[in-house]
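Read off the chains here:
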Amino acid sequence: MKRLDSYILAQLLGALGFFVLVFTGVVWLTQAVRLIDTVIASGQGAAIFLTFSALVMPQVLVIVLPLSAIGAALYAINRLYGESELVVMMAAGLGPLGLIRPVAIFGAIMGAAMAAVLLFLVPAAGTALADRTQAIRSDLAQALIVERQFIHPMPGITLFISDTSRQGEMAGIFLNDQREFARPVTYSAEHAILVREGMEARLVMRDGVAITLDARSQQINTVKFDQFVFDLSDLLREQSTRIPRPSEYWVLDLLRPSAEMLASGRYSAGDFVAEGHYKLTLPILAVIYPLIALVTILAGGYRRSGFGRRVIVAVGVALILQILTFATRSQVQERPMAWPLMYLPILLGFAYVAILTRRLSRPRRRSRRAEAPA
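Conventions adopted
- Residues numbered from 1 in each chain as written.
- Predicted model: local features only at pLDDT ≥ 70, side-chain atom pairs only at ≥ 80, totals over all residues.
- Heavy atoms only, no water.
- Helix = DSSP H or I, 4+ residues; strand = E, 2+ residues; numbered from the N terminus.
- Buried < 20%, exposed > 50% of the residue type's maximum accessible area, 1.4 Å probe, protein only.
- Contact = heavy atoms within 4.5 Å.
- Areas by Shrake-Rupley, 256 points an atom, 1.4 Å probe, with all protein chains shown as cover.
- Salt bridge = Lys/Arg side-chain N within 4 Å of Asp/Glu carboxyl O.
- Core = buried A, V, L, I, M, F, W, Y, C linked by side-chain atoms within 4.5 Å.
- Pairing = 2+ DSSP bridges.
- Axes fitted to C-alpha atoms, helices over the stretch in contact; angles between N-to-C directions.
- Expected span 1.5 Å × (residues − 1).
- Bend = angle between axes of the 7 residues up to and from the residue.
- Parallel < 35°, antiparallel > 145°, perpendicular 65-115°, else oblique.
- Left-handed = near helix turned anticlockwise from the far one by under 90°.

Focus on the overall build of the protein
Next up, step 1: The helix and strand inventory of the protein stands at 10 helices and five strands.
Next up, step 2: Here the protein holds 374 residues, and the buried ones make up 42% of them.
Next up, step 3: Excluding contacts between residues fewer than 6 apart, the proportion of contacts in the protein whose partners are at least 24 apart in sequence is 63%.
Next up, step 4: Surface summary for the protein: the accessible area is close to 20500 Å², and the carbon and sulfur share equals 60%.

Focus on the pattern of salt bridges
Note on pairing: side chains with opposite charge can pair once their charged atoms come close.
Next up, step 1: Within this structure, the stated rule accounts for seven salt bridges.
Next up, step 2: In this structure, Arg 79 and Glu 83 form a salt bridge, with 3.2 Å as the shortest nitrogen-oxygen distance.
Next up, step 3: The exposure class assigned to Arg 79 is partly exposed, which follows from its relative accessible area of 25%.
Next up, step 4: With relative accessibility at 46%, the residue Glu 83 sits in the partly exposed group.
Next up, step 5: Among the ionic pairs, Glu 85 bridges to Arg 79, the shortest N-O distance being 4.0 Å.
Next up, step 6: Looking at Glu 85, the relative accessible area reads 21%, which means it is partly exposed.
Next up, step 7: A network of salt bridges, in which partner residues are shared, links Arg 79, Glu 83 and Glu 85.

Topic: the environment of Arg 196
Next up, step 1: If you trace the backbone, Arg 196 turns up in strand β3 (residues 185-197).
Next up, step 2: Residue Arg 196 is classed as partly exposed on the basis of its relative accessible area of 46%.

A word on the nonpolar core
Next up, step 1: Judged by nonpolar contacts, the single largest core of 55 residues is most densely connected at Leu 86 and Ile 292.
Next up, step 2: Looking at this core, the elements that each hand over two or more residues are α1 (2-41), α2 (46-82), α3 (85-91), α4 (96-138), α8 (269-299), α9 (308-334) and α10 (344-371).
Next up, step 3: Looking at this core element by element, the count peaks at 15 residues for α8.
Next up, step 4: Setting aside residues no more than four positions away along its own chain, Leu 86 makes contact with Ile 77, Leu 80, Tyr 81, Leu 99 and Leu 298.
Next up, step 5: Among the nonpolar cores identified, the runner-up in size contains 20 residues, and Ile 157, Ala 189, Ala 201 and Ala 210 belong to it.

Considerations on the sheet that holds strand β2 (residues 169-177)
Next up, step 1: If you walk across this open sheet you meet the five strands as β1-β2-β3-β4-β5, and the pairing is antiparallel. In this open sheet, the two strands that pair with only one neighbour each are β1 (157-164) and β5 (220-231). In this sheet, neighbouring strand axes are inclined to one another by 25 degrees on average, regardless of whether the strands run parallel or antiparallel.

A short note on α2
Next up, step 1: With 37 residues, α2 should cover 54 Å at 1.5 Å per step; its first-to-last C-alpha distance of 46 Å lies more than 12% under that length.
Next up, step 2: The largest bend in α2 amounts to roughly 40 degrees and is located at Met 57, with the proline Pro 58 lying one to four residues further along.
Next up, step 3: Looking one or two residues past α2, Ser 84 carries a phi angle of roughly 65 degrees, positive in sign.

Digging into the packing of α2 against α8
Next up, step 1: Contact geometry of α2 with α8 gives a least axis separation of 9 Å together with a crossing angle of 20 degrees. Relative to α8, the element α2 lies roughly parallel. As α2 runs across α8, the sense of the crossing is right-handed. Here Val 62, Pro 66, Ala 69, Ile 70, Ala 73, Leu 74, Ile 77, Asn 78 and Tyr 81 of α2 lie close against α8, whose contacting residues are Leu 282, Ala 286, Tyr 289, Pro 290, Ala 293, Leu 294, Ile 297 and Leu 298.

Quick look at the structure:
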């Protein structure tokens, strides 16, 4: 039995590595687009991009691990069943409970990995990522003085600088201001310099022209200037004023939010409580998903034509549980005292596994009863 457990577990872990690599690449690409925008807009290099990619990886794993768990279980069990290996095991006396044991161990490994990511890595990496992003955006000179790149230091603002000097002087300035959609303004100047004092910042442009477009009359107005001061104070942010997101707190703090956490008014008690129980429910769901894959494939018996329909059913059940998790989380955000609802998907998942396991055990029980009188 130990050899069979080790063999099945090895098949599951081998498939897990493949699915983790595939899903990580896909999900990371969706995050990389946002990271690239942040890095380019602030004029940073490849080193900062790699640092940000490492810090965002825990959030990627939160999505990847549950998908990989059920994907690996479906692939490995389908292959073992399709190649008649499970049929031989069951013919040799291995019952449903014996098959569930290695899959449950695999699910426990996935649950422990999810717990480590959610309870430890996500808060630490999320705080570090937010602090680094805030620090980069607060460094106004580094964010703006970038040669020969179109940067977007804030929504509606596009800036291009042809040349810069060590003294901070800029030449060949192009600045497009579309914060007022009905009246966009484009500035072009020969020279400019950045002036900062306290929490105020100004871009002083010299020898240039301002071009405006009247949306109503569709007329272009051109104004030449010797010197023009463009206000950039909105770009400055104090790092001390950053409000941590609920995901940055430890789970014990989330379950009982303090007055200090609620003082900002940006997040409610429901946001913190829902995030805390969300971090507790996801690891348990990661344990259930491989079991759902196993009992769903075994439920209909062996078929030479394959198990495509059962794979779809297993994925559908897991998807329903995940949707219920998100739905109950939204309810708890509005009503914190309704937090027990977030454990409803877990109960439904265990009930599904228990019902199918009992159904798989019935034929064997009947056969034993039939053999008893003989």
